[in-house]
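Fold and contact review
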Amino acid sequence: MGIKIIASNRKAHHEYFVLESLEAGIELKGTEIKSIRQGKVNLNDSYAQIKRGECILCNCHISKYKEGNINNHDELRDRKLLLHKQEIRKWTMKLKLESVTLIPLKMYLSNGLCKVEIGLCKGKKLFDKRESLKQKDQEMRLKKLNSR
């Protein structure tokens, strides 16, 4: 069936260095999967954190399902990410030792199941952002020259 990307956090690659990434399932309720299939997801300003041995996705906006009823979901509720305990322990140690954070990079459907790719990210300084913009600009100019 393949992979269908629903939402990606393009801002994350501009604001952070992605050190590692990991695929995680997500615990959804009721009409959330229907909204996700319609592409009504916003990953900007969302983050993940580890609380009480569980990985939680915070501030991820999944719009209400238009054809839903009174039991429609809350748009900004915290959602549990499904990871193995050993992965959670490993990332907990990295979060404590290094100055890093967990950021969702993209949300996609894989064989009918909703998955989230989360990354272990380190914040970029202003000069790092400028440098990455210069590199992107140079790559675009090379592509234009090669295509002629």
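A few points on the structure. (Residues numbered from 1 in each chain as written. Predicted model: local features only at pLDDT ≥ 70, side-chain atom pairs only at ≥ 80, totals over all residues. Heavy atoms only, no water.)

**Side note on the overall build of the protein chain**
- Helix and strand counts for the protein chain stand at four helices and nine strands.
- Mapped in sequence order, the helices and strands of the protein chain form the string β-α-β-α-β-β-β-β-β-α-β-β-α.
- When the backbone C-alpha atoms are referred to their principal axes, the protein chain occupies close to 55 × 45 × 30 Å.
- Split into buried and exposed, the 148 residues of the protein chain put 35% on the buried side.
- The contacts in the protein chain between residues at least 6 apart in sequence include a share of 68% that link residues at least 24 apart. (Helix = DSSP H or I, 4+ residues; strand = E, 2+ residues; numbered from the N terminus. Buried < 20%, exposed > 50% of the residue type's maximum accessible area, 1.4 Å probe, protein only. Contact = heavy atoms within 4.5 Å.)

**Details of the side chain of Thr 31**
- Within the secondary structure, Thr 31 sits in the loop between strand E2 (16-26) and helix H2 (32-37).
- On the basis of relative accessible area, Thr 31 is assigned to the buried category, the value being 14%.
- Other than its neighbours up to four places away in sequence, Thr 31 contacts Tyr 65, Asn 72 and His 73.

**Brief notes about helix H4 (residues 126-147)**
- Helix length check: H4, at 22 residues, gives a terminal C-alpha distance of 32 Å against a target of 32 Å (1.5 Å per residue), a fit within 8%.
- Within H4, burial applies to Asp 128, Lys 129 and Ser 132. Down the axis, H4 shows its buried residues gathered within 100° of arc, on one side only. Set apart from the buried face of H4 by more than 90 degrees, the exposed residues are Leu 126, Phe 127, Arg 130, Lys 134, Gln 138, Arg 141, Leu 142, Lys 144 and Leu 145.
- Taken together, the buried residues of H4 touch helix H1 (10-15) and E2. (Expected span 1.5 Å × (residues − 1). Arc of directions from axis to C-beta.)

**Things to note about the pairing of strand E7 (residues 79-82)**
- By the alternation rule, side chains of E7 split into Arg 79 and Leu 81, which are all buried, and Lys 80 and Leu 82, of which none is buried.
- Pairing of E2 with E7, which is carried by two bridges, proceeds in the antiparallel orientation. Following the sheet pairing, Ile 26 is matched in E7 by Leu 81. (Pairing = 2+ DSSP bridges.)

**Concerning the environment of Asp 74**
- Relative to the helices and strands, Asp 74 resides in the loop between strand E6 (61-62) and E7.
- The spacing of Asp 74 and Lys 4 is 70 residues in sequence and 24 Å in space, taken between C-alpha atoms.
- Apart from the residues lying within four places of it in its own chain, the contact partners of Asp 74 are Glu 32 and Arg 79.

**Digging into the pattern of salt bridges**
- Per the stated rule, a full pass over the model turns up eight salt bridges.
- Residue Arg 77 pairs with Glu 32 through a salt bridge whose shortest N-O separation is 2.9 Å. Of the two residues, Arg 77 is situated in the loop between E6 and E7 and Glu 32 in helix H2; the sequence distance between them amounts to 45 residues.
- Since its relative accessible area comes to 17%, Arg 77 is described here as buried.
- The exposure class assigned to Glu 32 is buried, which follows from its relative accessible area of 0%. (Salt bridge = Lys/Arg side-chain N within 4 Å of Asp/Glu carboxyl O.)

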